[in-house]
Amino acid sequence: MTDTTLPASLASIRDDFLALEQRDRLEMLLEFSNELPALPERYAEHPDLFEQVVECQSPVFIFVEVTDGVVHLFATAPKEAPTTRGFASILVQGIDGLGVDEVLAIPDDFPNTIGLTEAVSPLRIRGMTAMLGRTKRQIRERLAA
Amino acid sequence: MTVDTDPAEKFAGYAHPERLVSGDWLEAHLGEPGLVVVESDEDVLLYETGHIPGAVKIDWHTDLNDPVERDYIDGAGFAALLGGKGISRDDTVVIYGDKNNWWAAYALWVFTLFGHDDVRLLDGGRDKWIAEGRPITTDRPAPTPAEYPVVERDDSRIRAYKDDVLAHLGHPLIDVRSPEEYSGERTTAPAYPEEGALRAGHIPSAANVPWGRAAAEDGTFKPVGELDAIYRGEAGLADGEPVIAYCRIGERSSHTWFVLTHLLGFENVRNYDGSWTEWGSTVRVPIVRGVERGEVPARR
């Protein structure tokens, strides 16, 4: 469990951010924000299943599904909170479809390594760290169930 | 050169009606020489999704804070920031933002530390502007840089440090956080990252008046009579007495500072920006838990 490696999907997102100037990193975060997938129909009507990431100042909710060892991450955040949506979208796009062990091995400080601390501020990045932490906790809960 | 004030009737009852403008006023004055509109949000990307035409963006975290020390930028930094945004010292600045102008009020408070004279808020902020169908654009303005003088920040009048708060105990304190933060309840569980304070609760004797109570449903400030009932009535603030407001990092209490200073006319209001993230982690400062205000402690 102490072995932490970054899955290729997230490594590629990180490299894309790091290749850009600070201002362009914000633009790319906005693109991620616009790309946050809508909830599938089976979850759209079940807000009760979702867990609020209270560390984010904006209302963002996540739900993790584990099927045959494969992780699916769903998230919802309002359009008025594009930064939080962007964080959620990075994690959803980077994590969805990975194996359980791969997700649990993602370094907890991943959000601090993608070149956004300066453009977005460390305080705001904490929301993304919390989202990742809660995602991992939900996976462990699903596995224990 | 400054711009006329908004004569709207709603503002007339406030102590300093010139500190607010309405959407009608702003829309009619957009583009007028001497007026600069600034958007300041909690969400650092919101401006990019659409802003008032011509508005420049100033972010509290990335622009107004010193990147290394926990402090605001200095006079040179402020001059470079404002000059770069095309703001002159005698311009009228109207700030607006998300969340009932929460961060906009914070920016206004920082502008005030540097003595920028004419700085106002758009009543109702960003959400109301958009809800009213007023113009929004994603075009980024390219302001002509202005000469902004290097003015040293004056923290003495409206900013309180921790030691100032200790010396102030016995005078009114307003804790503008949520009741849960005030009473010190916490949801602590594995993998639930904690906020940055080691202890929970509030500064002894502080009254809890969550900042959002100053705002009406539509995000505008409540009429003066209602504000009066909350702050002079419920919280028991008396004219002439010094007041200190605080929250978690000083952001929400800037909003309350604006209400007390500019709308209700209190003359000696300071914002303790170290707030709970400093107080709740400081060794040997008094803390009260629970919903009661608690007694002013004896000096140690």
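First, a word on what this report is: a plain description of the structure on this page. (Residues numbered from 1 in each chain as written. Chains lettered and ligands numbered in written order. Predicted model: local features only at pLDDT ≥ 70, side-chain atom pairs only at ≥ 80, totals over all residues. Heavy atoms only, no water.)

Focus on the layout of surface pockets
Picture a little ball the size of a water molecule; that probe, rolled over the atoms, points out where space is still empty.
So, step 1. Reported here for the second largest pocket is a volume of approximately 1,100 Å³.
So, step 2. Lining the second largest pocket are 41 residues, with E118 of chain A together with D59, H61, T62 and D63 of chain B sitting closest to its centre.
So, step 3. Looking at the lining of the second largest pocket, the elements that each hand over two or more residues are helix 2 (22-34), helix 6 (117-120) and helix 7 (122-144) of chain A together with helix 2 (46-49), strand 3 (56-57) and helix 3 (60-64) of chain B.
So, step 4. Considered class by class, the residues forming the lining of the second largest pocket number 15 nonpolar, nine polar and 17 charged. (1 Å grid on protein atoms, 1.4 Å probe; cavity = no way out; pocket = protein on both sides within 12 Å on 5 of 7 lines; lining within 4 Å. Points joined across faces, edges and corners; volume = space filled by probe spheres on them. Helix = DSSP H or I, 4+ residues; strand = E, 2+ residues; numbered from the N terminus. Nonpolar A, V, L, I, M, F, W, Y, C, P; charged D, E, K, R; others polar.)

Digging into the sheet that holds strand 1 (residues 20-21) of chain B
Residue and element names in this part refer to chain B.
So, step 1. As summarised here, the arrangement of the five strands in space is 1-5-4-2-3, forming an open sheet in which the pairing is parallel. In this open sheet, the two strands that pair with only one neighbour each are strand 1 and strand 3.
So, step 2. In this sheet, strand 3 lies alongside strand 2 (residues 35-39) in parallel orientation, the contact comprising two bridges. Of the residues in strand 3, the one forming a bridge with V38 is V56.
So, step 3. Most of the contacts of helix 5 (residues 98-113) go to strand 5 (residues 119-122), to which it runs at about 175 degrees, and overall it touches strand 4 (92-96) and strand 5. (Pairing = 2+ DSSP bridges. Contact = heavy atoms within 4.5 Å. Axes fitted to C-alpha atoms, helices over the stretch in contact; angles between N-to-C directions.)

Some words on empty space enclosed by the protein
Residue and element names in this part refer to chain B.
So, step 1. Evaluation of the coordinates by the stated rule reveals one cavity of 30 Å³ or more.
So, step 2. Looking at the largest cavity, its volume works out to about 40 Å³.
So, step 3. Together, E39, S40, D41, D43, V44, Y47, K57, I58 and D59 line the largest cavity.
So, step 4. Of the residues belonging to the lining of the largest cavity, the class tally is three nonpolar, one polar and five charged.

Re helix 4 (residues 75-84) of chain B
So, step 1. All of the buried residues in helix 4 of chain B are G75, F78, A79, L81, L82 and G83 of chain B.
So, step 2. Looking at the buried side of helix 4 of chain B, the elements it contacts are helix 3 and helix 5 of chain B. (Buried < 20%, exposed > 50% of the residue type's maximum accessible area, 1.4 Å probe, protein only.)

Description of the nonpolar core
Residues and elements named next belong to chain B.
So, step 1. Grouped together as the largest cluster of nonpolar side chains are 58 residues, with contacts concentrated most on I95, L121, I174 and Y231.
So, step 2. With eleven residues, the top contributor of residues to this core is helix 5.
So, step 3. Beyond its immediate stretch of four places on either side in the chain, I174 contacts A207, V209, A235, L237, V243, I244, A245, Y246 and T256. (Core = buried A, V, L, I, M, F, W, Y, C linked by side-chain atoms within 4.5 Å.)

Some points on the interface of chain A and chain B
So, step 1. Taken together, the contacts link 26 residues of chain A with 24 residues of chain B.
So, step 2. There are two salt bridges connecting chain A and chain B.
So, step 3. With a closest N to O distance of 2.9 Å, R124 of chain A and D59 of chain B form a salt bridge.
So, step 4. Across the contact surface, chain A and chain B share seven residue pairs in polar contact (both at pLDDT 80 or more).
So, step 5. Elements with a minimum of two residues in the side of chain A that touches chain B: helix 2, helix 4 (82-95), helix 6 and helix 7 of chain A. (Salt bridge = Lys/Arg side-chain N within 4 Å of Asp/Glu carboxyl O. Polar contact = N/O pair within 3.5 Å; in protein donor to acceptor, adjacent residues only side chain to side chain.)

Some points on the packing of aromatic side chains
Residue and element names in this part refer to chain B.
So, step 1. A full pass over the atoms with the stated rule returns 20 aromatic pairs over all chains.
So, step 2. Ring centres 5.4 Å apart and planes at 25 degrees place the aromatic pair F221 and F258 in the stacked group. Placement of F221 in the loop between strand 8 (207-208) and helix 9 (224-234) and of F258 in helix 10 (residues 251-263) is noted, with a sequence separation of 37 residues between them.
So, step 3. Grouping aromatic residues by their ring pairs yields a cluster made of W60, Y72, W102, W103, Y106, W109 and W211. (Phe/Tyr/Trp six-rings, centres within 6.5 Å; stacked < 30°, edge-to-face > 60°.)

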